[in-house]
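# Working through the structure, step by step
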Amino acid sequence: MIKISPSVLASDFSRLGEESVKMEKSGADMLHLDVMDGRFVPNISFGAPVISSIRGLTSLLFDVHLMISDPLKYVEDFVKAGADLITFHAESDSDIGETIDEIHSFGRKAGVAIKPATTASEVLPYLDKADMILVMTVEPGFGGQSFMRDTMPKVAEIRQEAKKRGIELDIQVDGGINADTAKEAAAAGANVLVAGSAVFRSPDPAGVISLLKSNAEVNFVG
């Protein structure tokens with residue numbers, strides 16, 4: 001099943017609550033919330049209090065992407081803020097297995113992300129434990145970048161390994177997703193697409209979400 005997760009980095013932060021509600025009305029499956037600490041990535045975005053402030057406004061699944069150095073330390077904070085799915089980076093300072101276990105201990109889903117330069121081999125040992133693998137298709141920390149096609153073999157490798165083991169795994173891609181790149185990502189095996197500018201900056205976000213889904217569905221290799 002193809003899922004669309006609009007990234008609030010591309011939203012109007014002065015109207016974040018309204019923007020979130022608009023995404024739900026437009027047919028989004030989840031809301032992608034990028035948390036940056038200024039250490040793991042150069043930029044700083046927002047933290048748990050901002051997520052908590054909009055949690056009561058929408059029933060969308062909150063897809064929280066932690067681009068922070070020590071995600072294990074903050075799992076409980078983001079659970080309390082309303083995160084449904086917490087994704088952290090394999091390249092962070094926290095132990096991967098321990099962090100997955102901590103997220104699961106609160107009854108939340110756990111995702112593991114890898115940067116463009118990180119090989120798929122870093123996450124393959126965790127396919128049985130994680131609920132989702134996120135393959136970054138741009139360098140994390142900045143919005144509006146171009147899709148990196150050379151990350152697609154990693155998506156394919158992870159999907160093939162999951163199929164080999166009989167694991168139903170969500171594979172997410174984040175960065176440069178539009179109507180065309182959605183096809184490429186789905187053809188490689190991704191079924192969760194993070195889209196920022198393409199959705200939030202469109203006069204017809206519902207139409208864009210529908211197009212992304214349809215383009216991905218006809219090309220998906222699952």
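Report on the accompanying structure. (Residues numbered from 1 in each chain as written. Predicted model: local features only at pLDDT ≥ 70, side-chain atom pairs only at ≥ 80, totals over all residues. Heavy atoms only, no water.)

### Let's talk about the side chain of glutamate 161
The condition that has to hold: Here a helix means four or more residues in a row that DSSP labels H or I, a strand means two or more in a row labelled E, and each is numbered from the N terminus. Here a polar contact is recorded for every N or O atom pair within 3.5 Å, except that within protein the pair must consist of a potential hydrogen donor and a potential acceptor, and residues adjacent in sequence are included only if both atoms are side-chain atoms.
Within the secondary structure, glutamate 161 sits in helix H5 (residues 152-165). A distance of 2.9 Å separates a polar atom in the side chain of glutamate 161 from a polar atom in the side chain of arginine 165.

### Looking at the packing of aromatic side chains
Operational definition: Centres within 6.5 Å make a pair out of two Phe, Tyr or Trp rings, where for Trp the six-membered ring is used; the pair is then stacked when the planes are under 30 degrees apart, edge-to-face when over 60, and tilted otherwise. Sitting over a ring, as applied to charges here, requires NZ of Lys or CZ of Arg to be within 6 Å of the ring centre and within 35 degrees of the ring normal.
Summed over the entire model, instances satisfying the criterion amount to one aromatic pair. The aromatic ring of phenylalanine 62 is capped on one face by arginine 55, whose charged end is 3.6 Å from the ring centroid. The ring of phenylalanine 40 is capped by lysine 115, whose NZ or CZ atom sits 4.4 Å from the centre of that ring.

### Concerning the pairing of strand E6 (residues 132-136)
Put simply, the rule reads: Summary of the burial criterion: residues with accessible area below 20% of their type's maximum are buried, those above 50% are exposed, and those between are partly exposed, where the area comes from a 1.4 Å probe applied to protein chains only. When DSSP finds two or more bridges between two strands, those strands count as paired.
For E6, the buried fraction is high: five of the five residues fall into the buried class. Of the two faces of E6, the one carrying Met132, Leu134 and Met136 and the one carrying Ile133 and Val135 are both buried. The sheet contact formed by strand E5 (residues 109-114) and E6 spans four bridges and is parallel. Among the inter-strand pairings, isoleucine 114 is bridged to a residue of E6, identified as valine 135. Both E6 and strand E7 (residues 170-174) contribute to a ladder of five bridges, which runs parallel. Residue pairing across strands places isoleucine 133 opposite isoleucine 171, the latter belonging to E7.

### A closer look at the pattern of salt bridges
Rule in force here: What makes a salt bridge here is a side-chain nitrogen of Lys or Arg within 4 Å of a carboxyl oxygen of Asp or Glu, nothing more.
For the coordinates displayed, the defined rule picks out eleven salt bridges. A salt bridge links lysine 80 to glutamate 76, with the nearest nitrogen and oxygen atoms 3.3 Å apart. Here lysine 80 and its partner glutamate 76 are both found in helix H3 (residues 71-81), four residues apart, which amounts to about one turn of the helix. Given the relative accessible area of 64%, lysine 80 is considered exposed.

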